[in-house]
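What follows is each chain in one-letter form.
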Amino acid sequence: MRTVVIGGTGHIGTYLVPELVRLGHEVVVLSRGERSPYQSNGAWSRVRMVQVDRAAEDAEGTFGARVVELQPDVVIDLICFTEDSARQLAEAVHGKIQHLLHCGTIWVHGPSATVPTREDAPRRPFGEYGINKAAIESYLLDRARRDGLPVTLIHPGHISGPGWTPINPAANLDLGVFEKLARGDELTLPNLGLETIQHVHAADVAGMFLAALRNRSVAIGESFHAVAEGAMTLRGYAEGVAGSFGQEARLAFLPWEEWRRTVPAGDAAATYDHIAHSPHCSMEKAARLLGFRPRYSALEATLEAIGWLVDNGKIT
């Protein structure tokens, strides 16, 4: 089976591509060629790498044809961010492949209402990223219902793992938050630290794509979450990180309007995006239809990433 992975050298592809090779797929990876996988694996020597600028080819209307020329059986799209881009690819591959798998995001939901949030919950996205991803989902699932497009959507949470910085307990990317917890210093969180974030290990996201491939007949025309079982509150996350360093978390709290003035504007914006969503998504559908359960808890996924940061001198 020939499988084309679009954007296969990033977080998810680092785990997904070697496993596809192990399972006997003939794998072609389309990427800009600007990064290497986060972890080395001998399987990459059996992967055909094709350098391509998707944004430029989408603008020219040629990207879909580029994919079709590779004669894939399966296409896994990990880097689609606009409805127009999704439409170009879907129209090009419809009737020519067995399965199209698209990587979305749990932010298609917008703020959590009833939790854990199921895949069939009403969509109330906000922010450009969430709105665009929700529009892509709506378009692809509509094509599946009306025209039989063989598509499955996988919606990851906050992807984590060794090789990059996970969202921290202040819901942004400031490494100093981890350093404070490691030293036992006081960390101030917004509000009461009860908003939630829901990490997932990149290996588990890859596992969701593989489970959808294995269960094609029930996966087509459906969307699935890819998150760790259970969300973490900011304070619970902080306590878990501190405990991993042998410390007891010393936490203080400020109302949002006061807290945001204590950090750089970029960090405050990132925090607001995360706490305004406060996701807590269900994995029941994946277990029921695909037989998939994540291997890593949310805390385990982040601690592995933090361990990598420590080992590589990113956290002192």
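Let us look at the structure shown here. Every value quoted in this text rests on a predicted model; they were computed, and no experiment measured them. (Residues numbered from 1 in each chain as written. Predicted model: local features only at pLDDT ≥ 70, side-chain atom pairs only at ≥ 80, totals over all residues. Heavy atoms only, no water.)

1. Description of the nonpolar core
Move 1: Core analysis: the largest hydrophobic core is formed by 40 residues, its most contacted members being Ile76, Met208 and Phe209.
Move 2: For this core, the secondary-structure elements that each account for two or more residues are α1 (11–22), β2 (26–31), β4 (74–77), β5 (99–103), α7 (202–214), β11 (222–226) and α12 (284–290).
Move 3: A per-element tally of this core places α7 first, with nine residues.
Move 4: Ignoring any residue separated from it by four or fewer positions in sequence, one finds Ile76 in contact with Thr3, Val4, Val5, Ile6, Leu16, Leu20, Leu101, Phe209 and Leu213.
Move 5: Within the second largest apolar cluster, 25 residues are counted, among which are Phe63, Ala86, Ile97 and Leu140. (Core = buried A, V, L, I, M, F, W, Y, C linked by side-chain atoms within 4.5 Å. Buried < 20%, exposed > 50% of the residue type's maximum accessible area, 1.4 Å probe, protein only. Helix = DSSP H or I, 4+ residues; strand = E, 2+ residues; numbered from the N terminus. Contact = heavy atoms within 4.5 Å.)

2. Re the environment of Tyr129
Move 1: When you line up the elements, Tyr129 lands in helix α5 (residues 128–147).
Move 2: Note on Tyr129: relative accessible area 38%, which makes it partly exposed.
Move 3: Separated by 72 residues in sequence, Tyr129 and His201 have C-alpha atoms that sit 21 Å apart.
Move 4: Leave out the neighbours within four places in its chain, and Tyr129 touches Phe81, Gly104, Thr105 and Trp107.

3. Let's talk about unusual backbone geometry
Trans is the common state for peptide bonds, and a negative phi is the common state for residues other than glycine.
Move 1: The amide bond that connects Val115 to the next residue, Pro116, takes the cis arrangement and shows omega of -5°.
Move 2: With respect to the element layout, Pro116 can be found in the loop between β5 and α5.
Move 3: Even without glycine at this site, Gln71 takes up a positive phi of about 55°.
Move 4: Under the relative-accessibility criterion, Gln71 is labelled exposed at 59%.
Move 5: Within the chain, Ala171 stands out as a residue other than glycine whose phi angle is a positive 65°.
Move 6: Mapped onto the secondary structure, Ala171 falls in the loop between β7 (158–160) and α6 (175–183).
Move 7: According to the relative accessible area criterion, Ala171 is buried, its value standing at 0%.

4. What to know about the sheet that holds strand β3 (residues 48–51)
Move 1: Strand order across the open sheet formed by seven strands is β3-β2-β1-β4-β5-β6-β11, with parallel pairing between neighbours. With one partner strand each, in any of the chains shown, β3 and β11 form the two edges of the open sheet. Averaged over all adjacent pairs, the angle separating strand axes in this sheet is 20°, with direction ignored.
Move 2: The pairing of β2 with β3 spans four bridges and is parallel. Bridging across to β3, Val29 finds its partner in Met49. (Pairing = 2+ DSSP bridges. Axes fitted to C-alpha atoms, helices over the stretch in contact; angles between N-to-C directions.)

5. With respect to helix α13 (residues 298–311)
An α-helical turn contains 3.6 residues, so any two residues separated by three or four positions project in the same direction.
Move 1: For α13, which comprises 14 residues, the first-to-last C-alpha distance of 20 Å matches the rise-based estimate of 20 Å (1.5 Å per residue) to within 8%.
Move 2: What α13 keeps buried is the set Ala298, Ala301, Thr302, Ala305, Ile306 and Leu309. Seen along its axis, α13 keeps its buried residues to an arc of 130°; they face one direction.
Move 3: Residues of α13 that are buried sit in contact with β7, α6, β10 (199–201), β12 (232–233) and α9 (234–244). (Expected span 1.5 Å × (residues − 1). Arc of directions from axis to C-beta.)

6. A word on the side chain of Ser160
Move 1: You can see Ser160 is positioned in strand β7.
Move 2: A residue is classified by how much of its surface remains accessible, and Ser160, at 0% relative accessible area, is buried.
Move 3: Reaching out from Ser160, the side chain makes a polar contact with the backbone oxygen of Ala301 at a distance of 3.3 Å. (Polar contact = N/O pair within 3.5 Å; in protein donor to acceptor, adjacent residues only side chain to side chain.)

7. Let's talk about α9
Move 1: Those residues of α9 not exposed but buried are Leu234, Tyr237, Ala238, Gly240, Val241 and Ala242.
Move 2: One or two steps after α9, the chain reaches Gly246, where phi turns positive at roughly 75°.

8. Considering the side chain of His155
Move 1: Here His155 is to be found in strand β6 (residues 151–156).
Move 2: Those residues in contact with His155 that lie beyond four places of it in its chain are Gly104, Thr105, Ile106, Val108, Arg123, Glu137, Ser223, Phe224, His225 and Ala226.

9. Topic: a nonpolar patch on the surface
Move 1: There is a patch of nonpolar side chains on the surface, built from Ile79, Phe81 and Tyr129 and spanning about 270 Å² of accessible area.
Move 2: As for its position among the elements, Phe81 is in the loop between β4 and α4 (83–93).
Move 3: Given the relative accessible area of 44%, Phe81 is considered partly exposed. (Patch = residues over 30% accessible without salt bridge, like charges linked within 9 Å, V, L, I, M, F, W, Y side chains within 5 Å. Areas by Shrake-Rupley, 256 points an atom, 1.4 Å probe, with all protein chains shown as cover. Salt bridge = Lys/Arg side-chain N within 4 Å of Asp/Glu carboxyl O.)

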